[in-house]
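# Working through the structure, step by step
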Amino acid sequence: MSDTEGEPHRDKIVEIKKSRTAAKGRLTRWCNAIKGLQGSGENLDEVKGKVRSAAAGSAELTDLHDKLSSLVVDDYEKEEADFYLSSVQGNCNPVIKEAREWIKSIEQDSVTPDDSASQCGSNRSSRSSVVSLRLKATARKAALAIEEAALKERQLIESEQMRLRQRKEQIALDKEMAIARAEEEVFSSEIEGKPPEHLVSQIPVPGDEKQPEKTTPALNPQADKFTPKSTPTTDSSAVLKLLDDNQQHRRRLLEVMQLPSAELMTFDGDPLQFWVFMRSFENNVHNSTLADCMKLARLIQYCVGEARQIQ
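In this text, all values refer to a predicted model and were calculated from it rather than measured experimentally. (Residues numbered from 1 in each chain as written. Predicted model: local features only at pLDDT ≥ 70, side-chain atom pairs only at ≥ 80, totals over all residues. Heavy atoms only, no water.)

### Some remarks on the overall build of the chain
If you tally the helices and strands in the chain, you get 10 helices and zero strands. Put simply, 74% of the contacts in the chain that link residues at least 6 apart link residues at least 24 apart. Total accessible area on the chain stands at roughly 22800 Å², and carbon and sulfur atoms take up 55% of it. (Helix = DSSP H or I, 4+ residues; strand = E, 2+ residues; numbered from the N terminus. Contact = heavy atoms within 4.5 Å. Areas by Shrake-Rupley, 256 points an atom, 1.4 Å probe, with all protein chains shown as cover.)

See the structure below:
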């Protein structure tokens, strides 16, 4: 399926992605400005304006993400959009939240010149609560920093998982292609009446062993005339046995090319999975006509982790 057939809104998707990039740039600039202005209480009004703009920018980015998710049909592109949104908002939303708490603490701590003496007294009595709030805000800031670091770590893990998933899909595709090529060679050899040459050279065929050359002894001119004796005809059972052996070797060749026909699970040493693995291995490998050394090689291949180290 082409991109045009699978995603008829490709032009709209490209336009939304451009708008999303611009929104991300504005949101990042606002968050950086907020961080720089929080050092002084004189910047209170300016910080308020930046926080409102940043909150609106975050909402705009979420809206663009929703529009993009409704248009794309590819699972990988949807995962990329989700990762993009979580990465941007994971960096900016904690800044907005911290700035709002800072604004609240500054407003509670401020005293206007028009306050009466009683109001000033009550404000002084409330200073302890303001200090307590500041301590809580500081603790909250430290917690947000830890949460931000954990979020970045999760994003790195998700990105690595995405790359591993793509690698796994590529390996599965390569495997299917290899199996298809092998089956094509086997079928071609069946049509021609002989196995593929690069496999036949590895499997001994009965009756194909080289026989020692016979030497003809020198004749004695003084010997009596040789009269040949009648020899019995070749037993037909020997011919049938040779044909049967050839057929068995051919079946063994086909099993080598097609084994396993289904995806065989691996065993990592978990005792709970042992009998399930052994039953699958016996049905697909052990009960075949392969040689014991080839069965052992298959067993080692499907053992991973601790189970493979024990060998």
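### A look at the packing of aromatic side chains
In this description, a pair of aromatic rings is defined by centroid distance and the angle of the planes. Under the counting rule described, the total for this entry stands at four aromatic pairs. With a centroid separation of 5.4 Å and 20° between ring planes, the pair formed by F267 and F277 is classed as stacked. Within this pair, whereas F267 is found in the loop between helix 7 (236–258) and helix 8 (274–286), its partner F277 is found in helix 8, the two being separated by 10 residues in sequence. F277 matches F267 in its accessibility class, with the two residues each being buried. Lying across the ring of Y84, R20 places its NZ or CZ 3.8 Å from the centre. (Phe/Tyr/Trp six-rings, centres within 6.5 Å; stacked < 30°, edge-to-face > 60°. Buried < 20%, exposed > 50% of the residue type's maximum accessible area, 1.4 Å probe, protein only. Lys NZ or Arg CZ within 6 Å of the ring centre and 35° of its normal.)

### Remarks on the side chain of H65
Inspection of the secondary structure assignment puts H65 in helix 3 (residues 44–71). For H65, a relative accessible area of 9% translates into the label buried. Residue contacts for H65: discarding those within four places in its chain leaves A81, D82 and L85.

### Considering the pattern of salt bridges
The final tally for this structure, using the stated rule, is 11 salt bridges. When the shortest N-O distance is used, the salt bridge between K17 and E77 registers 2.8 Å. Taken together, the residues span a long stretch of sequence, with K17 in helix 2 (residues 10–37) and E77 in helix 4 (residues 75–109) at a distance of 60 residues. A relative accessible area of 24% places K17 in the partly exposed class. Owing to a relative accessible area of 11%, E77 belongs among the buried residues under this scheme. With a closest N to O distance of 3.3 Å, K241 and D245 form a salt bridge. One end of the pair is K241 and the other is D245, both in helix 7 and four residues apart, which spans about a single turn. Assessed through its relative accessible area of 53%, K241 is described here as exposed. Residue D245 is classed as buried on the basis of its relative accessible area of 18%. Taken together, the shared-partner salt bridges in this structure form one network comprising R10, K17 and E77. (Salt bridge = Lys/Arg side-chain N within 4 Å of Asp/Glu carboxyl O.)

### Comments concerning the environment of G36
Mapped onto the secondary structure, G36 falls in helix 2. Overall, G36 belongs to the exposed group, its relative accessible area being 60%. Placed 11 residues apart in sequence, G36 and V47 show a C-alpha to C-alpha distance of 9.4 Å.

### Structural notes on helix 2
The end-to-end C-alpha separation of helix 2 is 41 Å, in line with the 40 Å expected for 28 residues at 1.5 Å each. On its buried face, helix 2 sits against helix 3 and helix 4. (Expected span 1.5 Å × (residues − 1).)

### Focus on the confidence of the model for the chain
For the chain, the mean per-residue pLDDT works out to 77, and 73% of the residues sit at or above 70. pLDDT under 50 marks residues 1–6. Its contacts with residues more than four places away, or in other chains, come to two contacts. (pLDDT = per-residue confidence, 0-100.)

### What to know about the packing of helix 2 against helix 4
Axis separation between helix 2 and helix 4 bottoms out at 10 Å; the angle between their running directions is 25°. Comparing the axis directions of helix 2 and helix 4 gives the class roughly parallel. The hand of the helix 2/helix 4 crossing is left-handed. Here R10, I13, K17, R20, T21, K24, L27, T28, C31, I34, K35 and L37 of helix 2 come into contact with helix 4, specifically with E77, E80, A81, Y84, V88, C92, V95, A99 and W102. Considered class by class, the residues forming the contact of helix 2 with helix 4 number 12 nonpolar, two polar and seven charged. (Axes fitted to C-alpha atoms, helices over the stretch in contact; angles between N-to-C directions. Parallel < 35°, antiparallel > 145°, perpendicular 65-115°, else oblique. Left-handed = near helix turned anticlockwise from the far one by under 90°. Nonpolar A, V, L, I, M, F, W, Y, C, P; charged D, E, K, R; others polar.)

### Description of the environment of V304
Along the chain, V304 falls in the loop between helix 9 (292–301) and helix 10 (306–309). A residue is classified by how much of its surface remains accessible, and V304, at 32% relative accessible area, is partly exposed. Through-space distance from the C-alpha of V304 to that of G269 is 7.8 Å; in sequence the pair is 35 residues apart.

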